[in-house]
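What follows is each chain in one-letter form.
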Amino acid sequence: MKKHNYSAGPSILPQEVFEKASKAILNFNDSGLSILEISHRSKDFVAVMDEARSLALELLGLTGKGYQALFLQGGASTAFLMAPYNLLKEGGKAAYLDSGTWATAAIKEAKYFGETVIVASSKEQNYNHIPKGYEIPADADYFHCTSNNTIFGTQMKEFPATNIPVVCDMSSDIFSRNLDFSKFDLIYAGAQKNMGPAGTTLVVVKEEILEKSGRTIPSMLDYAKHIKAESMYNTPPVFAVYVSLLTLQWIKEKGGVAAVEKLNDVKADLLYAEIDRNPLFKGAAAVEDRSKMNVTFLLNNPDHTETFDALWKAANISGLPGHRSVGGYRASIYNAMPIESVQVLVDVMKALETKV
């Protein structure tokens, strides 16, 4: 029976990607070797890395605009400290928007490197909305934000205009919607939501902002060194990069980010419409900031929990319980989630009305 995977990450990937990756595990490029055992210096894998980096820039509309794409390790959690290490000047300061758990984690790391200004926070409301109407210090070395908050189900719909470099953690909505990505100077995203398996992190950085901090940066944390080594400063996570490439190819075949966004809009509209229609449920996030990737919702009556849980489990739905910070339920409807699976969840929510 088909499982409908709503996990927040590692998460669903396209079926075509799984099939191609499984073949490569047995025999990659008719080499007689598995993708798991080939040398990262072999021409076959160098071609994978080169195409993955190039295709990432192409899909974001950043080809030829002074950006470099890297596939690194350590997840977004390592990027939390790499950003200030590379951009926060000695004696300088950084500006951060506190919109959720991962923004808070990024702020914690930045404080090790210098003054960190929190321009706004929605913490007191348990991060149920995106802060607005804040000012960014003009003398800050950079502004950092998180585009989508996986745990709380909120998403930035607009990004502030500023003359300082903008850094964005796009781990949970990268390649899901069309933006003017040239407004960002540094983007990082863990692969395990919309792009691939856990194990690699995409970094897209505008080269001109680097090597200006005045700091001595350890080699593994220096973006400039990774650019010079073409993402091969150390042994890269070969399989994670390969599966990420397959996923990027899938996005391109679908028509690119703009085409994927249209599909994501349909899925999100379908699920939110049922949450708003059904008197047994309510959304957890402010309506204007609702995420199209992570839909958080609650039962109005907790006494219905056992019945609802039995219904969605019987429908072969997986990964639906919400994070402990919010409770309730979280349906992660990333790029690869088919609308048919969203309809299954909607049908289960409707069925609950007949059971209580």
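In the annotation of an unreviewed UniProt entry, the protein chain is listed under the name Phosphoserine aminotransferase and assigned to Flavobacterium bizetiae. According to the UniProt record, the Sequence similarities (unreviewed entry) comment for the protein chain reads "Belongs to the class-V pyridoxal-phosphate-dependent aminotransferase family. SerC subfamily."

*Asks:* Where do I start with the overall build of the protein chain in this structure?
*Replies:* Helix and strand content of the protein chain: nine helices and 14 strands. Against the compact-globule benchmark of 21 Å for 356 residues, the protein chain has a radius of gyration of 21 Å, which places it among compact chains. Overall size of the protein chain, expressed as C-alpha extent along the three principal axes, is 65 × 55 × 30 Å. Counting only contacts in the protein chain whose residues sit at least 6 apart along the sequence, the fraction spanning at least 24 positions is 68%. Of the roughly 15400 Å² of accessible surface on the protein chain, 50% is carried by carbon and sulfur atoms. The centroid of the 36 positive side-chain charges in the protein chain is displaced by 2 Å from the centroid of its 40 negative side-chain charges.

*Asks:* Can you walk me through the UniProt feature "binding site: pyridoxal 5'-phosphate" (unreviewed entry) in the protein chain in this structure?
*Replies:* Mapped onto this numbering, the UniProt entry annotates "binding site: pyridoxal 5'-phosphate" (unreviewed entry) at Ala-76, Ser-77, Trp-102, Thr-150, Asp-169, Gln-192, Asn-234 and Thr-235. The greatest C-alpha distance among the annotated residues, which extend across 160 residues, is 30.1 Å, indicating that they are dispersed rather than converging on a single site. With near-sequence residues (within four places) excluded, Trp-102 lies in contact with Phe-80, Ile-151 and Asp-169. Looking at the secondary structure, you find Thr-235 in the loop between helix 5 (223–228) and helix 6 (238–254). Here Thr-235 falls in the partly exposed class, since its relative accessible area comes to 47%. For Thr-235, the residues in contact, after removing those within four places along its chain, are His-40 and Gln-73.

*Asks:* Help me understand the domain arrangement of the protein chain, please; the structure alone is not making it clear to me.
*Replies:* Interface size is commonly expressed as the accessible area that is lost once the parts come together. For the protein chain, the domain assignment lists domain 1 (15–254) and domain 2 (256–354). In this structure, domain 1 and domain 2 have C-alpha centres spaced 27 Å apart. Listed as interface residues are 27 residues of domain 1 and, on the opposing side, 26 residues of domain 2. Taken together, the two surfaces of domain 1 and domain 2 that pack against each other cover about 2200 Å², and 54% of this comes from carbon and sulfur. Put simply, domain 1 and domain 2 have one salt bridge between them. Examining the composition of the side of domain 1 that touches domain 2, we find that four residues originate from one element, helix 6, more than from any other. Of the residues in the side of domain 1 that touches domain 2, the class split is eight nonpolar, 12 polar and seven charged.

*Asks:* Just checking my understanding: could you explain the sheet that holds strand 10 (residues 201–206) for this structure?
*Replies:* Pairing between the strands of a sheet comes from backbone hydrogen bonds, and it takes one of two forms, parallel or antiparallel. The seven strands are arranged 2-10-9-8-5-3-4 in an open sheet whose pairing can be described as mixed. Lying at the two open borders of the sheet, with one neighbouring strand each, are strand 2 (67–72) and strand 4 (115–121). The mean inter-strand angle of the sheet, taken between neighbouring strand axes irrespective of direction, is 15°. As judged from the six bridges shared by strand 2 and strand 10, these two strands associate in the antiparallel manner. Its bridge partner being in strand 10, Leu-70 is matched across the sheet by Val-203. Packed on one face of the sheet, helix 2 (residues 43–59) meets strand 2 and strand 10 and runs near 130° to strand 2. Contacting strand 3 (93–98), strand 4, strand 5 (143–146), strand 8 (166–169) and strand 9 (186–190), helix 4 (residues 101–110) crosses the sheet at an angle of about 165° to strand 3.

*Asks:* Help me understand the sheet that holds strand 11 (residues 281–283) in this model?
*Replies:* Ordered by their spatial adjacency, three strands build an open sheet running 11-12-14, and the pairing between neighbours is antiparallel. For this open sheet the edge positions go to strand 11 and strand 14 (329–332), each flanked by a neighbour on one side alone. Across the sheet, the axes of successive neighbouring strands diverge by a mean angle of 35°, strand direction being ignored. Pairing between strand 12 (residues 294–299) and strand 14: four bridges, direction antiparallel. Paired with Phe-297 across the two strands is Tyr-329, which belongs to strand 14.

*Asks:* Can you walk me through a nonpolar patch on the surface in this structure?
*Replies:* Taken together, the side chains of Ile-25, Leu-26 and Leu-36 define a hydrophobic patch exposed on the protein surface, amounting to about 320 Å² of accessible area. Residue position: Leu-36 is located in the loop between helix 1 (15–26) and helix 2.

Reading the values: rules and limits
In every chain, residue numbers begin from 1 and rise along the written sequence. In view of the model being predicted, local features appear only for residues whose pLDDT reaches at least 70, and side-chain atom pairs are presented and counted only at 80 or more, with totals across whole chains, interfaces and linings using the full set of residues. To obtain the side-chain values, all non-hydrogen atoms of the structure were used and water was disregarded. UniProt positions are given in the numbering used here, feature names are shortened, and annotations may be inferred rather than shown by experiment. Working definition: helices are DSSP H or I runs of at least four residues, strands are E runs of at least two. Numbering for both runs from the N terminus. Every radius of gyration here is taken over C-alpha atoms, with the globule rule written as 2.2 Å times N^0.38, N being the number of residues. In this analysis, two residues are considered to be in contact whenever any of their non-hydrogen atoms come within 4.5 Å of each other. Throughout, the Shrake-Rupley method with a 1.4 Å probe supplies accessible areas, and for residues the shown protein chains are the sole cover considered. Counted as positive: Lys and Arg. Counted as negative: Asp and Glu. His and the chain ends are not counted at all. In this description, the location of a charge corresponds to atom NZ of lysine, CZ of arginine, CG of aspartate or CD of glutamate. Here the term buried applies to any residue with accessible area under 20% of the maximum for its type, exposed to any over 50%, and partly exposed to those in between, with areas from a 1.4 Å probe on protein chains only. Those domain boundaries reflect an automatic or database domain assignment. Put simply, buried area is the surface a 1.4 Å probe can reach on two separate parts but cannot reach once they are joined, added for both. Note on definitions: salt bridges are taken to be side-chain nitrogens of Lys or Arg within 4 Å of carboxyl oxygens of Asp or Glu. We call Asp, Glu, Lys and Arg charged. Ala, Val, Leu, Ile, Met, Phe, Trp, Tyr, Cys and Pro are nonpolar, and the rest, Gly among them, are polar. Strand pairing is defined by DSSP finding a minimum of two bridges between the two strands. Fitted lines through C-alpha atoms serve as axes, helices being fitted only where they are in contact, and the angles separating the N-to-C directions of these axes extend from 0 to 180 degrees. Excluding any residue in a salt bridge, patches collect residues exceeding 30% relative accessible area, merging like charges within 9 Å and nonpolar Val, Leu, Ile, Met, Phe, Trp and Tyr side chains within 5 Å.

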